[in-house]
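# Remarks on the overall topology
Listed here are the chains, written in short residue letters.
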Amino acid sequence: MNIHTFPHLRMAALGLVLGLVSFSALAQGVYRIVGPDGRVSYSDQPPPAANARPVASGASGAAGGANAQLPFELRQVVSRYPVVLYTSAECAPCNNGRNLLNARGIPYSEKTITTNEDAEALKRLSGQASLPVVTIGSQQIKGYSDGEWTQFLDAAGYPKQSALPTAYRRAAPTPLVAVAPATPEAPATTAQSQPSEAPAPPVAPPATNPAGIRF
């Protein structure tokens, strides 16, 4: 069957490819931000203060070094439509998705969901907490489907058979959310380390307390 013979199929294929072009906020990274009141929020925008670091949904630094070993054509596809797999332990569909990507030789980054913070960030990004989730460029596929995953990988231009070099090593999975370690408190100054004056003796509260304040 020739796709040019059927205009509606040609338009559907074109729409699928165009949908992969834009790179969504999901591939930019997740920031965990702790506000002055202690409330935790997640955003794809960095906080004003450098109290958190992004967890990139695309290729990490280690993955970027590994991708430099790829053949030119495959490297171009990876740069345009990076693949990110979100998994958790004891998830059979996650294993199926991972096996498909590995068998086809798809370079991908894997983000693990192990903590409540990871789960909250995943729900914010995908709208649900079920796994696996895979992103191919800006396209997000929830749940494992051999046919659907294959269709999107084909549309992105990934080879049907592995073209990975023998020396290629995939980056290890990383948590979806990682927070920078807290800044250690400054040591006490000399003035603070000196003994303070003896406290004044406590004063007993008045017998009546119309405001109802308790001490």
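Overview of the structure. Keep in mind the model is a prediction, meaning the values are calculated, not measured. (Residues numbered from 1 in each chain as written. Predicted model: local features only at pLDDT ≥ 70, side-chain atom pairs only at ≥ 80, totals over all residues. Heavy atoms only, no water.)

## Here we look at the overall build of the protein
Counting its regular elements, the protein contains seven helices and seven strands. Sequence-ordered secondary structure for the protein, helices as α and strands as β, is α-β-β-α-α-β-α-β-α-β-β-α-β-α. Taken across its 215 residues, the protein has 32% of its residues classed as buried. Counting contacts in the protein only where the partners sit at least 6 residues apart, residues at least 24 apart contribute 67% of the total. (Helix = DSSP H or I, 4+ residues; strand = E, 2+ residues; numbered from the N terminus. Buried < 20%, exposed > 50% of the residue type's maximum accessible area, 1.4 Å probe, protein only. Contact = heavy atoms within 4.5 Å.)

## What to know about the nonpolar core
Among the nonpolar cores identified, the biggest contains 20 residues, and Val-83, Leu-101, Val-134, Ile-136, Trp-149, Leu-153 and Tyr-158 are the most heavily contacted of them. Counting residues per element, the ones that place at least two in this core are helix 3 (72-80), strand 3 (83-87), helix 4 (92-104), strand 5 (133-136) and helix 6 (146-156). The element that contributes the greatest number of residues to this core is helix 6, accounting for four residues. Setting aside chain neighbours within four positions, we find Tyr-158 in contact with Leu-74, Val-77, Val-78, Tyr-81, Pro-82, Val-83, Arg-104, Ile-106, Pro-107, Ile-136 and Leu-153. (Core = buried A, V, L, I, M, F, W, Y, C linked by side-chain atoms within 4.5 Å.)

## Some words on the pattern of salt bridges
As enumerated under the stated definition, the model contains three salt bridges in all. The residue Asp-154 makes a salt bridge to Arg-104 at a minimum N-O spacing of 2.3 Å. Of this pair, Asp-154 sits in helix 6 while Arg-104 sits in helix 4, placing them 50 residues apart in sequence. Residue classification places Arg-104 among the buried residues on the basis of a relative accessible area of 8%. Between Lys-160 and Asp-154 there is a salt bridge, with the nearest N and O atoms lying 3.1 Å from each other. Given a relative accessible area of 62%, Lys-160 falls into the exposed group. When salt bridges that share partners are traced, they join Arg-104, Asp-154 and Lys-160 into one network. (Salt bridge = Lys/Arg side-chain N within 4 Å of Asp/Glu carboxyl O.)

## Observations concerning the pairing of strand 6 (residues 139-142)
Here strand 5 runs beside strand 6; their pairing, made up of four bridges, is antiparallel. Across the sheet, residue Val-134 finds its bridge partner in strand 6, namely Ile-141. Counted along the chain from strand 5 to the antiparallel partner strand 6, the turn is two residues long, and its residue Gly-137 has a positive phi close to 65°. (Pairing = 2+ DSSP bridges.)

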